[in-house]
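Tertiary structure, described
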Amino acid sequence: MFWPIFLRVITSGDLWQASLQFAALLLLPALGGVISERSGVVNIAMEGMMLIGCYVGVVVTLASHSVLVGLLAAIIAGGLLALVHGVVSIHLKADQIISGIAINVAALGLTNYLNIVQTGGQGIPSLASNLRLPVLNWGPLAQLPFLGQVLFQQNVVFYVTIIILVGLQFLLFRTNLGLRIRAVGEHPQAADTAGVSVRLIRYACVVASGLLSGLAGAFLALGVAGTFNSNMTAGRGFIALAAVVFGKYTPLGAAGACLIFGLGLALSVRLQDTGIDSNLLATLPYILTIIALIGLVGRTVAPAADGVPYEPGSAE
Amino acid sequence: MHEQEKAPLAQAASPDLAASPYAVEMRDICKAWPGVVANDHVNLRVRRGEIHALVGENGAGKTTLMNILYGLVRPDSGEIYINGERVHISGPRDAIRLHIGMVHQHFMLIPPLTVAENIVLGQEPGGPLAVYDRRRARELVLQLSARYGLPIDPDTRIEKLSVGLQQRVEILKALYRAADILILDEPTGVLTPQETYELFDVLRALSRQGKTVIFITHKLREVLDLTDRVTVLRRGRNVGELVTRETNQAEIARLMVGREVLLRVEKRPARPGPVVLRVENLHASSDRGLEALQGVSFEVHAGEILGIAGVEGNGQSELVEVLSGMRRATAGRVTVTHASGQQTGKTYDITSMNAREVRLVGVAHIPEDRRGSGLVLSDTIESNTILGRERWPRFAWARFILRLGEVAQWARRLVREFDVRTPSTRLPVRALSGGNQQKVIVAREFAADPQLLIAAQPTRGVDIGAIEFIHRRLVEQRDAGKAILLVSAELDEIRSLSDRIAVMYEGRIVDIVTPEASEEELGLLMTGGRPSGASREEEAQTTGDSGA
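Residues numbered from 1 in each chain as written. Chains lettered and ligands numbered in written order. Predicted model: local features only at pLDDT ≥ 70, side-chain atom pairs only at ≥ 80, totals over all residues.

Some details on the overall build of chain B
- For chain B, the helix and strand inventory stands at 20 helices and 22 strands.
- Against the 2.2 N^0.38 benchmark of 24 Å for 548 residues, chain B shows a C-alpha radius of gyration of 25 Å, consistent with a compact globule.
- Overall size of chain B, expressed as C-alpha extent along the three principal axes, is 80 × 55 × 50 Å.
- Put simply, of all contacts in chain B between residues at least 6 apart along the chain, 68% involve residues at least 24 apart. (Helix = DSSP H or I, 4+ residues; strand = E, 2+ residues; numbered from the N terminus. Rg over C-alpha atoms; globule rule 2.2 N^0.38 Å. Contact = placed C-beta atoms within 7 Å.)

Take a look at the structure:
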């Protein structure tokens, strides 16, 4: 009973299409995490920034009747929330974990509250299809057997994510700016004394992580779900955090980790026909993670100054 | 980028160059930290092209003054003139623009990045948004390295370089940023004698090329060997501006400490008792899995100081770690025999004991890495004075609940007896100067009344006053019948304290000699040479011209 269904599921385009979509949803905040941590600021608030992105995206789209405006608003909302994290952790030198937790809790409470106040508890209705982020039309490519469904019937944000992934990998490891970011994350004193502005780089990186998380929120709410639900991010920001670590703080590594998570998530949905308890199936992505961690990923080393506020003149 | 567009201020001032003979003039600099006045109306005048020593004990305000000059610390008041021009330096970027470069005591290098990446960082060819041009960066570094005669491989990662080479990268970094004024903060503290001489040659060459060098140190011999003029600070104030040629060690030392200092250790001949430490055919591996100890054997008697001399990295660190229970021996035997007290005559085999057990049988240990393994920096002086002895009935009920009153009293006593300068024993050890941190360790280890005391680099990075103090205490302990194993990279220290000197080279003790052995003889042994060895001239250089 199990194996025939398993084989059918594993070879179906549905599964792989869903895997890639789930992976992209995780990858955006994960890339945000990579860039923030590389600059030396621990950011565990991608979840909250993503959730704000979801809410603002939907509300602004409904108000402006333009999904593009909604998308931009979502990205900016994520960025602004990240700016708060930046001020708290870079300027005020507060504990970055606490700041992150506060932002996550605040984002959850705030979106819930506004959602209820605004709709009188009715909840936001589904968005009309012209107010959603569309699936990109690749013409004949989409008709290819299997590959067409998996690669060429994805949401427009999916392709944007791939571009950002490649771009970020290039930025971090092939450009002068990337060199500075890594330097600031490893040894801010060294970067500062070499004439690099630690503050500027850290702010830019933290805000970038918020922009990416906001984009992820828009993808989820405006592209995948087509509405806003309370706590609809459901821990994706945290899984992304795990992907950052498993991916050894590199964009490509994080992408690999997100693929494994995505596959696990998709499998846990699709394998429900096999009669395996659904609660058990829900643990699959995490079990896959642990296996991957033991088998594939060696020790991961965080940037040396990750999470440590920079004090100029503390050189001694 | 905007930094590059602005004309460097120092160049703008060039018409006035003749107006001031000083490359750097700092006037009335004041800087107070909460509870400490680091700089109290300090003046510093450095002539263009000279090598200027800035000396003073730890905590005298040397580093603060230089951090102000480099823009890392903002002064509360005071004026800075570069080439006669009044300037405001509000960050390292300003300092770089004024052609000031600084080599920090703790290197500002990023270990996982390459030499070239570290050097060009912040001023990469092409500006911040360009693709990193590895070939061009490499070329620039090679050009620079050829121009100043400082060979380096641009593609090596910093973490793979020796400390001496890392320092070279730091100097190249400053030169890459077109530094005309080069500040070096205690650059020789981490160098071997050979590396120190190489550094001096480099600095002399730079000075000949018109660079101005400010050299922070508290090693008087270096001041006399290298510099043209000296500024002495004590407790945040100027106490002297001297011409090196016209002064001597004793005068500088007196100015630094504020009283006459005994540069020589006074001690009576040793009266050795029975053997306390016996090491037989000891073998051990280094962290990298190489054979660091290859059959080391020696004995230390009660009432004597055995000095271990050698260029660093020849197994001394591993030897100390094995003896103190921090590293496993792969072969051999180590025993400790009590020479006094209730257990006189009792012998313990400590070969495979851990650090706690080793301490329990009467071994005290002053580790070479004060910050890493000697102290818990963020913890209070009180806690640090009972570290490793916190289960003693004296300090804990049922070995478990600390008797805080007792601990506080103990800490106050040690602080008084060992002259640790601190307003309170509740301060974190981090807040103390290096010398006072070391005194906390020395106090803790001496107070344990050990049979054997292992002192590894006991005065590294410590100021003259504290060195004198620690040396005197070591001799006192010897005279009280303790066995002392002294490991030091400072040949002077080894020679003045030891009753016998064992020279280590490549994991072996090559010879055990008396302290009367000449520096040349010791130098030869340290570099693996035999008195009949080939290149005498080179060996003589390693051992130094201290006799002069």
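Topic: the packing of helix α3 (residues 46–64) of chain A against helix α11 (residues 236–246) of chain A
Residue and element names in this part refer to chain A.
- Relative to each other, α3 and α11 sit at 135 degrees, their axes nearing to 7 Å. Considering the angle they form, α3 stands oblique to α11. As for the relative orientation of α3 and α11, their crossing is right-handed in sense. Residues Met-46, Glu-47 and Met-50 of α3 touch α11, and the partners they reach there are Arg-236, Gly-237, Phe-238, Ala-240 and Leu-241.
- Its residues assigned to classes, the contact of α3 with α11 shows five nonpolar, one polar and two charged. (Axes fitted to C-alpha atoms, helices over the stretch in contact; angles between N-to-C directions. Parallel < 35°, antiparallel > 145°, perpendicular 65-115°, else oblique. Left-handed = near helix turned anticlockwise from the far one by under 90°. Nonpolar A, V, L, I, M, F, W, Y, C, P; charged D, E, K, R; others polar.)

Considering the environment of Pro-154 of chain B
Residue and element names in this part refer to chain B.
- As for its position among the elements, Pro-154 is in the loop between α6 (134–147) and α7 (163–176).
- In the structure, Pro-154 is positioned 40 residues away from Thr-114 in sequence and 6.7 Å away in space, judged by C-alpha atoms.
- With sequence-adjacent residues up to four places away left out, Pro-154 is seen in contact with Thr-114, Val-115, Ala-116, Arg-138, Val-141 and Leu-142.

A closer look at the sheet that holds strand β10 (residues 237–243) of chain B
Residues and elements named next belong to chain B.
- As summarised here, the arrangement of the six strands in space is β6-β7-β8-β3-β9-β10, forming an open sheet in which the pairing is mixed. Looking at strand neighbours, the two that pair on one side only are β6 (100–103) and β10, the edges of this open sheet. Strand-to-strand twist in this sheet, taken as the mean axis angle between neighbours without regard to direction, amounts to 20 degrees.
- Where strand β3 (residues 51–55) and strand β8 (residues 212–217) come together, five bridges link them in parallel fashion. Bridged to Val-55 within β8 is Thr-217.
- Here α7 sits on the sheet and contacts β6 and β7 (181–185); the angle it forms with β6, its principal contact strand, is near 170 degrees.
- Contacting β3, β7 and β8, helix α8 (residues 193–208) crosses the sheet at an angle of about 150 degrees to β8. (Pairing = 2+ DSSP bridges.)

Focus on the domain arrangement of chain B
Residue and element names in this part refer to chain B.
- Domains assigned within chain B are domain 1 (1–99 + 179–194 + 209–257), domain 2 (110–177) and domain 3 (275–362 + 450–543).
- Centre-to-centre separation of domain 1 and domain 2, based on C-alpha positions: 25 Å.
- Opposite the seven residues of domain 1 that make contact, domain 2 presents eight residues. (Domains from an automatic or database assignment.)

Some details on unusual backbone geometry
- For Asn-231 of chain A, which is not glycine, the phi dihedral falls at a positive 50 degrees.
- Residue position: Asn-231 of chain A is located in the loop between α10 (198–225) and α11.
- We classify Asn-231 of chain A as partly exposed; it has 13 C-beta atoms within 10 Å.
- Look at Ala-178 of chain B: it is not a glycine, yet its phi comes out positive at around 60 degrees.
- Summarising the element assignment, Ala-178 of chain B is placed in the loop between α7 and β7. (Buried ≥ 20, exposed ≤ 12 C-beta atoms within 10 Å, placed from the backbone.)

A few points about the pairing of strand β11 (residues 275–285) of chain B
Residue and element names in this part refer to chain B.
- Bridging between β11 and strand β12 (residues 291–301) involves eight bridges; their strand directions are antiparallel. In the strand pairing of β12, Leu-282 is matched with Val-296.
- Taken together, β11 and the strand that follows it, β12, pair antiparallel across an intervening segment of five residues, in which Gly-289 is found at a positive phi of about 85 degrees.
- The sheet contact formed by β11 and strand β14 (residues 331–337) spans five bridges and is antiparallel. Bridged to His-283 within β14 is Ala-331.

Things to note about the sheet that holds strand β4 (residues 77–82) of chain B
Residue and element names in this part refer to chain B.
- Spatially, the four strands line up as an open sheet ordered β2-β1-β4-β5, and their pairing is antiparallel. Only two strands of the sheet have a single neighbouring strand rather than two, namely β2 (36–47) and β5 (85–87). Pairwise comparison of adjacent strand axes, ignoring direction, gives a mean angle of 25 degrees for this sheet.
- As judged from the five bridges shared by strand β1 (residues 22–33) and β4, these two strands associate in the antiparallel manner. Residue pairing across strands places Val-24 opposite Ile-82, the latter belonging to β4.
- Docked against the sheet, helix α3 (residues 62–69) engages β1, β2 and β4, running at close to 115 degrees with respect to β1.

Some points on the interface of chain A and chain B
- Listed per partner, the contact involves 21 residues of chain A and 29 residues of chain B.
- Tallying contributions element by element places helix α8 (residues 176–186) of chain A first for the side of chain A that touches chain B, with six residues.
- A per-class count over the side of chain A that touches chain B returns nine nonpolar, seven polar and five charged.

Considering the nonpolar core
- With 233 residues, the main nonpolar core has Leu-26, Leu-27, Leu-31 and Ala-243 of chain A together with Leu-69 of chain B as its most contacted residues.
- Apart from the residues within four sequence positions on either side, Leu-31 of chain A is in contact with Ile-164, Leu-165, Leu-168, Leu-212, Pro-251 and Ala-254 of chain A. (Core = buried A, V, L, I, M, F, W, Y, C linked by C-beta atoms within 7 Å.)

Topic: the packing of α3 of chain A against α10 of chain A
All names here are of chain A.
- The contact between α3 and α10 brings their axes to 7 Å, and the two run at 55 degrees. In this view, α3 runs oblique relative to α10, as classed from their interaxial angle. Note that α3 runs across α10; the crossing there is right-handed. In this structure, α3 uses Met-46, Met-49, Met-50, Leu-51, Ile-52, Gly-53, Cys-54, Gly-57, Val-58 and Thr-61 to contact α10, whose residues at the interface are Ser-209, Gly-210, Ser-213, Gly-214, Leu-215, Ala-216, Gly-217, Ala-218, Leu-220, Ala-221 and Leu-222.
- Of the residues in the contact of α3 with α10, the class split is 13 nonpolar, eight polar and no charged.

Re the environment of Val-184 of chain A
All names here are of chain A.
- As for its placement among the helices and strands, Val-184 is situated in helix α8.
- A C-alpha to C-alpha distance of 9.2 Å links Val-184 and Pro-303, two positions 119 residues apart in sequence.
- Apart from residues lying up to four places away in sequence, Val-184 is in contact with Ser-39, Gly-40, Ala-191, Val-196, Val-198, Ile-201 and Arg-202.

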